[in-house]
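Structure assessment
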Amino acid sequence: MNKSHRLTGFALRLAAVAAAALPVFAVAPGAAAAERVPAAAAKVLNCTTDTDGYWGHAHCTNNTGVVTAFRVTVVCGEWPDTAGEWKTLNPGASDVSSARCIAGTGVGSVGWEEG
C-alpha cells in the first residue's frame with residue numbers, strides 16, 4: 001500500500017514539474033519551428049531524378065558554399081517505399097544516390113531529401 005502512495009506522490013511531483021515547465025515549452029517550439037521551416041522548405045542542391053522502372057536515382061550538385069547531404073526517395077507501387085544512401089556533397093561536388101523497389105509494380109515516383 002505504501003508503494004502506491006509513493007508512486008502517486010512521485011507522479012504528482014512529476015506533473016507539477018511538467019506544469020511549471022509548460023510556459024517555457026509553449027514558447028520554445030514555436031520559435032524552433034519558425035527556424036526549421038525555411039531550412040526544410042528550401043532545397044539548396046541542384047538535382048535531377050530518373051528511373052529505369054525498378055531503380056530510382058537522384059543526381060545532385062552542390063552549387064552552394066556549404067556542405068550539404070542528400071538521399072534519393074523512391075515511392076514503390078505495391079511495395080514499401082525506400083530511400084537511398086545519404087551522400088555528403090562539398091561545395092561544387094556532385095554525386096548520385098540510388099534506391100531500388102525490390103518487387104511490386106516498380107517505381108511510382110522519385111524525389112530527394114536534403115539534411
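Below is a short write-up of the structure. (Residues numbered from 1 in each chain as written. Predicted model: local features only at pLDDT ≥ 70, side-chain atom pairs only at ≥ 80, totals over all residues. Heavy atoms only, no water.)

Glancing now at the pattern of salt bridges. Applying the stated rule across the entire model yields one salt bridge. With its nearest N and O atoms 2.7 Å apart, the salt bridge here joins R71 to E113. With R71 in strand β3 (residues 68-77) and E113 in strand β7 (residues 106-114), this pair connects stretches of sequence that are 42 residues apart. (Salt bridge = Lys/Arg side-chain N within 4 Å of Asp/Glu carboxyl O. Helix = DSSP H or I, 4+ residues; strand = E, 2+ residues; numbered from the N terminus.)

Tracing the sequence through the fold places T68 in strand β3. The class for T68 is buried, based on a relative accessible area of 10%. Apart from residues lying up to four places away in sequence, T68 is in contact with V44, L45, N62, K87, T88, L89 and E114. (Buried < 20%, exposed > 50% of the residue type's maximum accessible area, 1.4 Å probe, protein only. Contact = heavy atoms within 4.5 Å.)

One open sheet holds the three strands; their spatial order is β1-β2-β6, and the pairing between them is antiparallel. Since the sheet does not close on itself, it has two edges, and those belong to β1 (46-51) and β6 (94-100), each with one partner. Pairs of neighbouring strands in the sheet enclose a mean axial angle of 15 degrees, with direction left out of account. Sheet analysis places strand β2 (residues 55-61) next to β6, joined by seven bridges and oriented antiparallel. Note on β6: the bridge partner recorded for G56 is A99. (Pairing = 2+ DSSP bridges. Axes fitted to C-alpha atoms, helices over the stretch in contact; angles between N-to-C directions.)

Let us now look at the environment of R71. By relative accessible area, which is 23% here, R71 ends up partly exposed. R71 sits 13 residues away from A58 along the chain, and the two C-alpha atoms are 7.3 Å apart. Leave out the neighbours within four places in its chain, and R71 touches A83, G84, E85, W86, S97, G111, W112 and E113. A polar atom in the side chain of R71 sits 2.7 Å from the side chain of E113. (Polar contact = N/O pair within 3.5 Å; in protein donor to acceptor, adjacent residues only side chain to side chain.)

By themselves, these observations are geometric and do not establish any function.
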